[in-house]
Amino acid sequence: MTDFFGEINPPQRLLMGPGPVNAHPRVLRAMSADLLGQFDPEMTAYMNETMALYRQLFRTQNRWTFLIDGTARAAIEAALVSLIDAGRTHVLIVRSGRFGLLLTEICERLGADYEVVDAPWGEVVPMDAIRAKALEFRPDVIACVHGDTSTTMAQPLDGLGDLCREIGAFSYVDATATLGGMPIETDGWGVDIVTAGLQKCLGGPSGSAPMTISDRAAEFIFSRRHTEKGIRAADAEDGHRPRIGSNYFDLAMIMDYWSEKRLNHHTEATTMLYGARECARVALQEGLEARFERHAKAGAAMTAGLRAMGLSVYGDDRYRMTNVTGVYIPKGLDGERVRQRMREDFEIEIGTAFGPLQGQIWRIGAMGYNAMKSKVLTTLAALEACLVAEGVAVNLGAAVPAAREVWG
Ligand SMILES: *Cc1c(COP(=O)(O)O)cnc(C)c1O
């Protein structure tokens, strides 16, 4: 017997977790446009426009600013596999949460010689500590996460570029959770590779990963270009470095594909490119400063509302991301039951937590299209109702007015 199941018809959930978030309607509309062949002049023009749009979002002049077809971690993996030569590359990982842990895991799989400079969850790593460890370990690459949604902390990156130039290292930054919501100063920080995704502050679906690469990092990556001479390009007489240990994530091939040469590699994910392009257009039309302000206000309102309710907000206030807020689950309460009530009674999703924070906090996001007053107030009102239903003593009626005040 054949079962055709139903047509896709999801409930209209309000996604207020740490990502994914609801996509902007303009992005969904762009993604329903007709397909094009990847070497069609209309398509390559869209590709070039997408590069120009993302240069503005990443605040960089980098020529090599483009998309990886895949979720955010595809770009993370592409960056690392293209920089790391197994057994030879020393990587210093700046780690204070789950996504720092992901960098460690990828480095381990790629056979990098790595060391870690850690901060406990809920804190960030001071630049002095990064510097001290870097001077001792002399890495070829320093890899870090900007906004780690697992802890809701934003790692300050001022000075990272200077440090890397001083010791002759490349810097890599995972800005998945913050691009389009908090300032990402690629050229200002002087960092070499920055990667992102659409499903956080850019207000799109996951599945396309914008990235930018400095000229000096691109030059290094091109020196690992796959040659016809075979697998062990290092042994080739022309002094090539060993080729990159992945085909799909070979950034030398991918840059050749996005260049005027348009050398064939994968089949560009047309629909995702339409979506990524529209995410950037929406963000730039709003204006980056206005957008950062909107996220900051939504985050401040969420925090004010949660505190007014009588809940405790997680982490060091000085470094909290503006777009995701961690809040302690009241003692003795089953956090999953409250999440289930939020979903079943209000069609609202809030986030759970991982690792040491599992069962300890909820993570509530207000990102991209969802960083707006009505959605923050709705979430707070619903959470209050769910807590009351679970018998938690909250300051009744305090959250929404406290949050509303942030907008004046
Ligand atoms: C959400 C997030 C990712 C997610 O990667 P996907 O592959 O898109 O799931 C990566 N890094 C950080 C810092 C994130 O917050």
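- By the naming in an unreviewed UniProt entry, the protein chain goes by Aminotransferase class V and is assigned to Asticcacaulis excentricus.
- What UniProt records for the protein chain under Sequence similarities (unreviewed entry) is the sentence "Belongs to the class-V pyridoxal-phosphate-dependent aminotransferase family."
- What UniProt states about the protein chain under its Cofactor (unreviewed entry) heading is, verbatim, "pyridoxal 5'-phosphate".

## Considerations on the sheet that holds strand 8 (residues 170-174)
- The 7 strands lie next to each other as 2-10-9-8-5-3-4, forming an open sheet whose pairing is mixed. In the strand order of this sheet, the two ends are held by strand 2 (64-69) and strand 4 (113-118), each with one partner. The sheet shows a mean angle of 20° between the axes of neighbouring strands, taken without regard to direction.
- As paired strands, strand 8 and strand 9 (residues 193-195) are joined by 3 bridges and run parallel to one another. Residue D174 lies in a different strand from strand 9, and its bridge partner there is T195.
- Against the sheet, helix 6 (residues 160-167) touches strand 5 (141-145) and strand 8, its axis set at about 165° to strand 5.

## Side note on the UniProt feature "binding site: substrate" (unreviewed entry) in the protein chain
- The UniProt record marks R363 with the feature "binding site: substrate" (unreviewed entry), using the residue numbering of this structure.
- Structurally, the position occupied by R363 is in strand 13 (residues 361-365).
- Accessibility expressed as a relative area gives 4% for R363, which makes it buried.
- Within polar-contact distance, the side chain of R363 engages the backbone oxygen of T149 at 2.7 Å.

## Looking at the domain arrangement of the protein chain
- Under the domain assignment, the protein chain is made up of domain 1 (24-283) and domain 2 (288-407).
- Distance between the C-alpha centres of domain 1 and domain 2: 31 Å.
- Opposite the 30 residues of domain 1 that make contact, domain 2 presents 23 residues.
- Buried surface at the junction of domain 1 and domain 2, summed over both partners, amounts to about 2,300 Å²; 67% is from carbon and sulfur atoms.

## Section: the side chain of Q155
- With respect to the helices and strands, the residue Q155 is situated in the loop between strand 7 (153-154) and helix 6.
- Residue class for Q155 comes out buried when judged on its relative accessible area of 3%.
- Setting aside chain neighbours within four positions, we find Q155 in contact with V94, V124, V125, I130, V145 and H146.

## Topic: the packing of aromatic side chains
- Evaluated as defined, the whole model comprises 8 aromatic pairs.
- Ring geometry for F39 against Y257: centres 6.5 Å apart, planes inclined by 80°, an arrangement best described as edge-to-face. Here Y257 lies in helix 9 (residues 251-258) and F39 lies in the loop between helix 1 (25-30) and helix 2 (41-58), a separation of 218 residues in the sequence.
- Taking relative accessible area as the criterion, F39 reaches 40% and is therefore assigned partly exposed.
- Where Y248 meets F249, the ring centres are 5.1 Å apart and the plane angle is 65°; that geometry is what we call edge-to-face.
- Judged by its relative accessible area of 15%, F249 is buried.
- Over the aromatic face of F354 sits the side chain of R98, whose NZ or CZ is 4.0 Å from the ring centroid.

## Structural notes on the pattern of salt bridges
- With the rule as written, the count across this model stands at 24 salt bridges.
- D317 is paired through a salt bridge with R307; the nearest N and O atoms lie 3.3 Å apart. Here D317, found in the loop between helix 11 (288-309) and strand 11 (324-328), pairs with R307, found in helix 11; they are 10 residues apart in sequence, far enough to count as distant.
- Notably, a salt bridge pairs D345 with R341, separated by 4.0 Å at the nearest N-O pair. Separated by 4 residues within a single helix, D345 and R341 lie in helix 12 (residues 335-346), roughly one turn from each other.
- Taken together, the shared-partner salt bridges in this structure form one network comprising R337, R341, D345 and E390.

## Here we look at the packing of helix 3 (residues 72-83) against helix 4 (residues 98-109)
- Packing of helix 3 against helix 4 leaves a shortest axis separation of 10 Å and a crossing angle of 45°. In this view, helix 3 runs oblique relative to helix 4, as classed from their interaxial angle. Pair helix 3 / helix 4 crosses with right-handed handedness. Between helix 3 and helix 4, the contacting residues are R73, I76, E77 and L80 on the first element and L102, L103, I106 and C107 on the second.

## Section: the site of the ligand
- Taken together, the residues surrounding the ligand are T71, A72, R73, F99, V145, G147, T149, D174, T176, A177, Q199 and K200.
- R73 is positioned such that a nitrogen or oxygen atom in its backbone is 2.9 Å from an oxygen atom of the ligand.
- A distance of 2.7 Å separates an oxygen atom of the ligand from a polar side-chain atom of Q199.
- For the ligand, whose unbound accessible area comes to 390 Å², protein coverage reaches 89%.
- A breakdown of the residues in the shell around the ligand according to their chemical character gives 4 nonpolar, 5 polar and 3 charged.

## Section: the pairing of strand 4
- Across 6 bridges, the pairing between strand 3 (residues 90-95) and strand 4 is parallel. Paired with V94 across the strands is V117, a residue of strand 4.
- Once the chain exits strand 3 it traverses helix 4 before rejoining the sheet at strand 4, and the crossover so formed is right-handed.

## Things to note about helix 9
- Summarising burial for helix 9: 7 of the 8 residues are buried, a large majority.
- Listed as buried for helix 9 are L251, A252, I254, M255, D256, Y257 and W258.
- Those residues of helix 9 hidden inside the fold are in contact with helix 2, strand 2, helix 3, strand 10 (208-213), helix 8 (215-222) and helix 10 (270-286).
- The N-cap residue of helix 9 is D250: its side-chain oxygen and the backbone nitrogen of A252 are 2.9 Å apart.

Criteria and cut-off values
Residues numbered from 1 in each chain as written. Predicted model: local features only at pLDDT ≥ 70, side-chain atom pairs only at ≥ 80, totals over all residues. Heavy atoms only, no water. UniProt positions renumbered as here; feature names shortened; annotations may be inferred. Pairing = 2+ DSSP bridges. Helix = DSSP H or I, 4+ residues; strand = E, 2+ residues; numbered from the N terminus. Axes fitted to C-alpha atoms, helices over the stretch in contact; angles between N-to-C directions. Contact = heavy atoms within 4.5 Å. Buried < 20%, exposed > 50% of the residue type's maximum accessible area, 1.4 Å probe, protein only. Polar contact = N/O pair within 3.5 Å; in protein donor to acceptor, adjacent residues only side chain to side chain. Domains from an automatic or database assignment. Buried area = accessible area lost by both parts, 1.4 Å probe. Phe/Tyr/Trp six-rings, centres within 6.5 Å; stacked < 30°, edge-to-face > 60°. Lys NZ or Arg CZ within 6 Å of the ring centre and 35° of its normal. Salt bridge = Lys/Arg side-chain N within 4 Å of Asp/Glu carboxyl O. Parallel < 35°, antiparallel > 145°, perpendicular 65-115°, else oblique. Left-handed = near helix turned anticlockwise from the far one by under 90°. Near = heavy atom within 4 Å. Areas by Shrake-Rupley, 256 points an atom, 1.4 Å probe, with all protein chains shown as cover. Nonpolar A, V, L, I, M, F, W, Y, C, P; charged D, E, K, R; others polar. Right-handed = clockwise from strand over helix to strand, strands pointing away.

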